[in-house]
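Understanding the architecture of this molecule
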Amino acid sequence: MKFRVALLANLKKNAPVTTEVSSDHWDDLDSESTVEAITEAIRSGGHVCEFLEGDASLIDTIRSFKPDICFNICEGHFGDAREAQIPALLEMLRIPYTGSKVLALSLSLDKPMTKRVLTYHDLPTPPFQVFEREDDVLSEEMTYPMFVKPSREGTGMGVSERSIVNNEAELFEQVAYVLSNYRQPALVEKYIEGREVTVGVVGNLIGPAARRLPDDEEAAHMLAGLRFMPPMEVDLKPFIESDMVYSNRLKVALAAELNYLAPAPIEPALVEELNWYTAAMFRVIGALDVSRVDFRLDIHDNLKPYILEINPLPGLAPKISDLVIEAEAAGISHAELVNMILDAALKRYEMI
Ligand SMILES: Nc1ncnc2c1ncn2[C@@H]1O[C@H](COP(=O)(O)OP(=O)(O)O)[C@@H](O)[C@H]1O
Ligand SMILES: [Mg+2]
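Residues numbered from 1 in each chain as written. Chains lettered and ligands numbered in written order. Predicted model: local features only at pLDDT ≥ 70, side-chain atom pairs only at ≥ 80, totals over all residues.

Side note on the confidence of the model for the chain
Model confidence for the chain is summarised by a mean pLDDT of 91, while 92% of its residues fall at 70 or above. In this model, residues 210-214 is a region of pLDDT below 50 whose contacts with residues beyond four sequence positions or in other chains number 10 contacts. (pLDDT = per-residue confidence, 0-100. Contact = placed C-beta atoms within 7 Å.)

So, in structure tokens, the structure goes:
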């Protein structure tokens, strides 16, 4: 069937001009070429598609375009739950949209809160402590090296080689940096030295999913609605001297120079374990249609996987974004990937 689809995104070039935010604050936003590619992809699926900027102007533009469904990739501009603002508006207007809803989008933007949910469900995530003030006292359970990052940013913002801290002086220097530059609590985690892997997934769990292992027949049925992409590994070896982390500099400036291994050279049993954790993560935060889960595999503990975060609005830049690279490794083109996400939402709303 043919639908009227509004592509909702925040273009980098439309971002507000302000000195209130850090210089890398808009790195999450989309380029015109990404928006054009997604629009073309949706049109190639036989639909009518127009791009609408996902800011306050949407209240008027959406009423005149009258979409049947929105393809939402808005990262938002301001506020702790900025990714959830457009979905909240769409729910108010009762317009269907792709991807996760208000709660999952706000939750996943808050890394410590997400880690509390993971811990509740016994899913592996590095031990952590949140620093809200410079004079917070370090818990005795935390051991060096540690990793310091902002609690509510993405795209490697506020992450660099200085994020790895080996003693109290380095720790508190980096905590102070995050508190003052990003004006939000600093998340301090145990540093997981290891390989960097990410797993993308498109679709939805079938039925009322519970926490079960994938070799259980019923669980296998639930997982059948999810299409896992082959895991992608970021080859950090050439950068070991300088950037041992997938930093903002690597993600933004050096993206073209990075070596991506897709599929990642890892054992099938480990791929299955990562897929299961990805599905569990998707399930416990209540994600829909698409997500990407970031892992670190501990090289000192037999590649034990640790979940770093879930990205329920993974980047969709052709040739650049992790999910797009993973899909390509599975023989799925950018246009097919976009239409898989759209179809997952259309099915969920019982529109197809
Ligand atoms: N606990 C950790 N141990 C080791 N590296 C980490 C840890 N947390 C984050 N990193 C590094 O920082 C990068 C960005 O962290 P992540 O939590 O994924 O935030 P972002 O939202 O910026 O992608 C990761 O890809 C990884 O390289
Ligand atoms: Mg990440």
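Some points on the sheet that holds strand S4 (residues 128-131)
Ordered by their spatial adjacency, 4 strands build an open sheet running S4-S7-S5-S6, and the pairing between neighbours is antiparallel. Each edge of the open sheet is held by one strand with a lone partner, namely S4 and strand S6 (164-165). Here 5 bridges tie strand S5 (residues 146-150) to strand S7 (residues 186-190), and the two strands are oriented antiparallel to one another. Residue pairing across strands places Lys149 opposite Leu187, the latter belonging to S7. Each of S4, S5, S6 and S7 touches helix H6 (residues 168-182); the most contacted strand, S5, lies at about 10 degrees to it. (Pairing = 2+ DSSP bridges. Helix = DSSP H or I, 4+ residues; strand = E, 2+ residues; numbered from the N terminus. Axes fitted to C-alpha atoms, helices over the stretch in contact; angles between N-to-C directions.)

Digging into the domain arrangement of the chain
For interface size, the figure often reported is the accessible area lost on association. By the assigned domains, the chain splits into domain 1 (4-99), domain 2 (108-123 + 193-348) and domain 3 (128-190). Secondary structure elements with two or more residues in the side of domain 1 that touches domain 2: helix H1 (32-44) and strand S3 (69-72). The dominant element in the side of domain 1 that touches domain 2, judged by the number of residues it contributes, is H1, at 6 residues. In terms of residue class, the side of domain 1 that touches domain 2 is made up of 10 nonpolar, 6 polar and 5 charged. (Domains from an automatic or database assignment. Nonpolar A, V, L, I, M, F, W, Y, C, P; charged D, E, K, R; others polar.)

Regarding the environment of Leu342
Residue placement: Leu342 occurs in helix H11 (residues 334-348). Classification of Leu342 by C-beta neighbours within 10 Å gives buried; the count is 25. In sequence terms Leu342 and Asp289 are 53 residues apart; their C-alpha atoms lie 8.0 Å from each other. Aside from chain neighbours lying at most four places away, what touches Leu342 is Val5, Ile42, Gly45, Phe71 and Thr98. (Buried ≥ 20, exposed ≤ 12 C-beta atoms within 10 Å, placed from the backbone.)

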